[in-house]
Amino acid sequence: MKRTKTALAVAMLAAFPMTQAQTGEPAATEATATQSEAKPYAQELVDRTLERHPDLLDVELHAVRPGATESTIVAGKRPARIGRKTRASEIEVARTGVGFVEINKTGDANVEVQIPLLDAAGRTLGSVEVKFAYPTGSGLNTDQLRKAAEIVRDELAQQIPQLASLFEPADKVAAPRPAAAGPTITKAVEEEESKSALGNKQSLPMTKEVASGAALGQTQEGYSDAIKNQAGVQATNSAGSSNDAFAVRGIKLNLFSNYRLDGGLPVTGVITNPTENKARVETLKGANALMFGVASPAGIINFVNKRAGERDVTSAGLAGNLFGQYGASVDIGRRFGPDKQVGVRFNASGTHLENGVRDLSGEGYFASVGVDLRATSRLTLQGDIEHYKRNVPEQAGIGLLPAVNGVVPITRVPEPRNLLSGTWNLYTPRTTNVQLRADYALTDSWKVLAQAGQSQSHRHRNTVRIRNYDPDTGANGTVAVQPVTHDYRNTFARTELLGKFTTWGISHDLTVGLSTSERFSVAYDVQNITLPQKQNIFDPIVLDPPVFAQPGRRNPEQTSTDTGLYTYDTIGITPKLKLLLGVRRVQDKEVNGPVSTTSYVTSPAYGVMYDILPTTTLFASYMEGLEAGATAPANVVNANEILAPQVSKQKEIGIRDSYFKGLSTSASYFDIRRGNAVTDPSDNVFKYLGDLSYRGFEATISYDLTRDLKLNAAVLRLNARQDSPTQPLIDGKVPENTPKWNANFGVSYKVPAVAGLTVRAGAKFIDKRPVNPENQGYIPGYTLYDAGLSYATRIAGRRASFGLSIDNLANKRYWNSVQTGTYGIGMDRSIKFNAKFDF
């Protein structure tokens, strides 16, 4: 019996391998299927993403599993972390829709970006953490890292039908899949940004500050609130003006050449540029003359338009202030086609305007459409059209009093809310911008771009100035009215060849381009009359409208055309050392009525960048460029005349550093020399009198003390002077409206006890400024305080955000600016609010 059992056992053992061999393949298949079913779709998504973007260190998905009550890590590269509880700060991201960036310079040496995780319908499922390698000194900034994470998130969202899909077996979920391999996420961000900027999106030896879409979302009437606290930036118009105007590093930006749309088209700046359709606003300083051609050396304000992303966008906004202003806006983005190759972004707004001055109500309207087409794998096309206008009365300006014994008495600041002119003093600007762009990749390393556009503006205004009033009572002011109608047209085109290659171990980032820009303007209905009524600037009356006894005159048309051939190359000598070499050859043609002149200018450029540490970069540059001529003010003999361009030169040396955790700093010393366009005090003619010299030190600091508490500060120390030996009255003097010091400080705090709530406070200081080129008086310096809060949450699963800000918290009376013999009045305390809802 025992032998029988033993034999049976041996037979069974012998038969088992045969049975396994006969049934082994089905058994293995079954086991494999079981393993595949055990692999959740969330993990499959992570694996696909890491394979598609090999430069990512990790992707982790956070969500609440079915039947669970707490959010955990449900998928990631490291199995040991799956199942870990989501931190409170990460839960807040899903709840409020507000992400964060965490930089880990030591240890893992990575950067973690936490943002909401969405499904294909835009519903929030949890949060996603995208990890990047720690960037070098001249690598990606935090805004670019956040954008890169959003690209990853949006790719994931298109593959997620709903929350439950994450926990289903991977092979049971039917959803679209991206290509198996894609560009590195860094390259994807560079390619996307290059289509709305300077061609090659490379590191340059210049200072750059960016107002992100989040910052623009807190503004109401334009970009001024978003950039006003940047280093060296100061407003040059009265508060509440219909047209924002700024000086950077003491130099007033030209309204017709220094404000650019998507890195190309110069906008005709007769009205504040709306931000409803802007993804960000870049303030570029330093090495910009070579890239932009005719422009001021101080800087460029570059407006980057929104594009339709992979995720649909539908949002509505409300905004207003306690002066009585209110308005609404809409933002819609969609992609169409079997491969979503066509994108459309539509924005519109309407606003009842109230800037604080009583009886100065008006209306403003804006609409834009942006379209992009991925025609082939190599060709992309994009186009934009935007139109905006205002109909609003303007405040009168208060002129300087005549000098007494060489000293201009400084007028006491009047009540800024009093109307000094009348509701008849309407300002009616309107602007239409149109542009087209094509990018064609010849190879993976070479591409061609072509861009063309036009900006047209029309405006009528009555420049009203009050002079010769009593300095004590403000009475008996003489009121001058100078009506004028302007037509402006800027036409721009460029073609560039961009390539990246290596020769003998040295890398090159080369751009060769040809551009042309034409600026046309004409002034008509020009008159100059004095009202019979007198005005009291401290106790004003409503002035009667002027009576024009005869039609106005028409000034000669003016056209400035520059055609430039240029090349610049960023040369990587070593991984740490880069050089910039470039040159631009410009033909400039000026036509003023029957007079025409043509000149040629060659502008060289040199620069160097050196990463002394992965977190620290030194840079230096020397640039020459052709600067557009300034426009003569209304109170001079040659009013409205545009001067010829002049060559400007700039040197800069600086450092960017993020060595200490949470601390980012940037500092630079600059030396700028340009033509001195000024009103000659001897004959009241606006002309060039020698040169202007601007030498200064500029620094910015941003410090994240904790994840919730952030400090930022900026300072400018400027030494500016006029070198005008032919006019001793101004030679060696400081240019008007130019301070020696300009600084600001801000703090923001995310309140842990209230998810989504951030409170902010800040202070801005500006030093005294001369009232005219002769330095016969100074308006006092001042410090303004502001405060605000923002709150982000979800209503019915959709993100909603709210903002409240208070400017001039202490309700200080101050002169905001002084130029061309006219004061600019600062506004009283103003309280603004806004709300945005995503659908």
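Conventions and cut-offs
- Residues numbered from 1 in each chain as written.
- Predicted model: local features only at pLDDT ≥ 70, side-chain atom pairs only at ≥ 80, totals over all residues.
- Heavy atoms only, no water.
- Helix = DSSP H or I, 4+ residues; strand = E, 2+ residues; numbered from the N terminus.
- Buried < 20%, exposed > 50% of the residue type's maximum accessible area, 1.4 Å probe, protein only.
- Contact = heavy atoms within 4.5 Å.
- Areas by Shrake-Rupley, 256 points an atom, 1.4 Å probe, with all protein chains shown as cover.
- Phe/Tyr/Trp six-rings, centres within 6.5 Å; stacked < 30°, edge-to-face > 60°.
- Pairing = 2+ DSSP bridges.
- Axes fitted to C-alpha atoms, helices over the stretch in contact; angles between N-to-C directions.
- Polar contact = N/O pair within 3.5 Å; in protein donor to acceptor, adjacent residues only side chain to side chain.
- Expected span 1.5 Å × (residues − 1).
- Salt bridge = Lys/Arg side-chain N within 4 Å of Asp/Glu carboxyl O.
- pLDDT = per-residue confidence, 0-100.
- Lys, Arg positive; Asp, Glu negative; His and termini not counted.
- Patch = residues over 30% accessible without salt bridge, like charges linked within 9 Å, V, L, I, M, F, W, Y side chains within 5 Å.
- Core = buried A, V, L, I, M, F, W, Y, C linked by side-chain atoms within 4.5 Å.

Caption draft 1: A look at the overall build of the chain. Helix and strand counts for the chain come out as eight helices and 42 strands. Counting the 839 residues in the chain, one finds 51% classified as buried. Within the chain, contacts between residues separated by at least 24 positions form 65% of all contacts whose residues are at least 6 apart in sequence. When the accessible surface of the chain is summed, it comes to about 35800 Å², and 58% of that surface belongs to carbon and sulfur atoms.

Caption draft 2: Layout of the packing of aromatic side chains. Enumeration according to the criterion identifies eight aromatic pairs in this entry. A ring pair is formed by Phe366 and Tyr388, whose centres lie 6.2 Å apart and whose planes are at 45°; its orientation type is tilted. Taken together, the residues span a long stretch of sequence, with Phe366 in strand E17 (residues 362–374) and Tyr388 in strand E18 (residues 379–393) at a distance of 22 residues. Taken individually, Phe366 and Tyr388 each receive the classification buried, so the pair is uniform in this respect.

Caption draft 3: Representation of unusual backbone geometry in the model. Of note in the backbone geometry, Asn468 takes a positive phi value of approximately 55° without being a glycine. Relative to the helices and strands, Asn468 is located in the loop between strand E22 (446–467) and strand E23 (477–503). Although it is not a glycine, Trp504 adopts a positive phi angle of roughly 50°. Tracing the chain through its elements places Trp504 in the loop between E23 and strand E24 (506–524).

Caption draft 4: Here's a closer look at the sheet that holds strand E4 (residues 110–118). With respect to topology, five strands assemble into an open sheet ordered E2-E1-E5-E4-E3, the strand pairing being antiparallel. Single-partner strands in this sheet number two, and they are strand E2 (71–75) and strand E3 (100–104). Here the average twist between neighbouring strands, direction ignored, is 25°. Inspection of the sheet shows E4 paired to strand E5 (residues 124–133) by nine bridges, in the antiparallel sense. Bridged to Val111 within E5 is Phe132. Docked against the sheet, helix H2 (residues 41–52) engages strand E1 (58–64) and E2, running at close to 160° with respect to E1.

Caption draft 5: Quick peek at the pairing of strand E29 (residues 616–627). In terms of burial, E29 is largely enclosed, as nine of its 12 residues are buried. Relative to E29, strand E28 (residues 595–613) runs antiparallel, the two being bridged by eight bridges. Counterpart to Ala605 in the pairing with E29 is Met623. Counted along the chain from E28 to the antiparallel partner E29, the turn is two residues long. The pairing of E29 with strand E30 (residues 646–657) spans 12 bridges and is antiparallel. Looking across to E30, one finds that Met623 is bridged to Gln650.

Caption draft 6: Main features of the sheet that holds strand E7 (residues 233–235). As summarised here, the arrangement of the three strands in space is E7-E8-E9, forming an open sheet in which the pairing is antiparallel. Both outer strands of the open sheet, E7 and strand E9 (251–252), are each paired with one neighbouring strand and no more. As paired strands, strand E8 (residues 246–248) and E9 are joined by two bridges and run antiparallel to one another. Looking at the pairing, Val248 lines up with Ile251 of E9.

Caption draft 7: The arrangement of the pairing of strand E32 (residues 686–704) in detail. Inspection of the sheet shows strand E31 (residues 663–679) paired to E32 by 16 bridges, in the antiparallel sense. Bridging across to E32, Arg674 finds its partner in Leu692. The antiparallel hairpin formed by E31 and E32 contains six residues in its connecting segment, where Asn684 sits at a positive phi of about 60°. As judged from the 14 bridges shared by E32 and strand E33 (residues 709–723), these two strands associate in the antiparallel manner. Paired with Glu698 across the bridge in E33 is Leu716. In textbook terms, the turn of a hairpin is the stretch between consecutive antiparallel strands, and for E32 and E33 this stretch comprises four residues.

Caption draft 8: Geometry of the side chain of Asp807. Residue position: Asp807 is located in strand E39 (residues 798–807). Of note is the side chain of Asp807, whose polar atom sits 3.4 Å from the side chain of Lys832. Excluding anything up to four places from it in sequence, Asp807 contacts Asp225, Lys228, Tyr785, Asp786, Arg829, Ser830 and Lys832.

Caption draft 9: Summary view of H2. With 12 residues, H2 extends 16 Å between its outermost C-alpha atoms, agreeing within 8% with the 16 Å of an ideal straight helix rising 1.5 Å per residue. In terms of residue burial, H2 counts as a mostly covered element, since 10 of its 12 residues are buried. Turning to H2, its buried residues number three or more, namely Tyr41, Ala42, Gln43, Glu44, Leu45, Val46, Arg48, Thr49, Leu50 and Arg52. Looking at the packing, one finds that the buried side of H2 touches E1, E2 and helix H4 (142–157).

Caption draft 10: Quick look at the pattern of salt bridges. With the rule as written, the count across this model stands at 43 salt bridges. Measuring nitrogen to oxygen at the nearest pair gives 2.6 Å for the salt bridge that ties Asp384 to Arg307. Placement of the pair is Asp384 in strand E18 and Arg307 in the loop between strand E13 (300–305) and strand E14 (313–321), with a sequence separation of 77 residues. Taking the relative accessible area as the measure of exposure, Asp384 reaches 9% and is therefore buried. Among the ionic contacts, a cluster of salt bridges with common partners joins Lys39, Glu44, Asp47 and Arg48.

Caption draft 11: Representation of the environment of Ser790 within the structure. Within the secondary structure, Ser790 sits in strand E38 (residues 782–795). Assessed through its relative accessible area of 14%, Ser790 is described here as buried.

Caption draft 12: Highlighting the confidence of the model for the chain. For the chain, per-residue confidence averages 86 on the pLDDT scale, and residues scoring 70 or more make up 87% of the total. Mean pLDDT values over the elements of the chain span from 40, in helix H1 (residues 2–38), up to 97, in strand E37 (residues 778–779). In this model residues 198–202 is a low-confidence stretch, pLDDT under 50, and it forms 25 contacts with partners more than four residues away in sequence or in other chains.

Caption draft 13: Structural detail: the side chain of Glu590. Structurally, the position occupied by Glu590 is in strand E27 (residues 577–592). One buried charged side chain, Glu590, makes no salt bridge at all; its nearest oppositely charged neighbour is Arg519, positioned 4.7 Å away. At 2.6 Å, the side chain of Glu590 forms a polar contact with the side chain of Ser560. Residues in contact with Glu590, not counting those within four places in the same chain, are Thr559, Ser560, Val595, Ser596, Thr597 and Pro645.

Caption draft 14: Local environment of a nonpolar patch on the surface. A cluster of nonpolar side chains, namely Tyr610, Ile612, Leu613, Leu618, Ile655, Tyr659 and Phe660, defines an oily patch on the protein surface of about 590 Å² accessible area. With respect to the helices and strands, the residue Leu618 is situated in strand E29. Its relative accessible area of 36% is what places Leu618 among the partly exposed residues.

Caption draft 15: Inspection of the nonpolar core at higher detail. Of all hydrophobic cores here, the largest spans 33 residues; its most connected members are Tyr223, Ile227, Tyr259, Ile301, Phe303 and Tyr694. Elements represented by at least two residues in this core include exactly helix H7 (224–227), E8, strand E10 (259–261), E13, E23, E31, E32 and E33. Counting residues per element, this core draws most heavily on E33, at three residues. The next biggest cluster of nonpolar side chains, apart from the first, holds 28 residues, and it includes Val111, Val128, Phe132 and Leu166.

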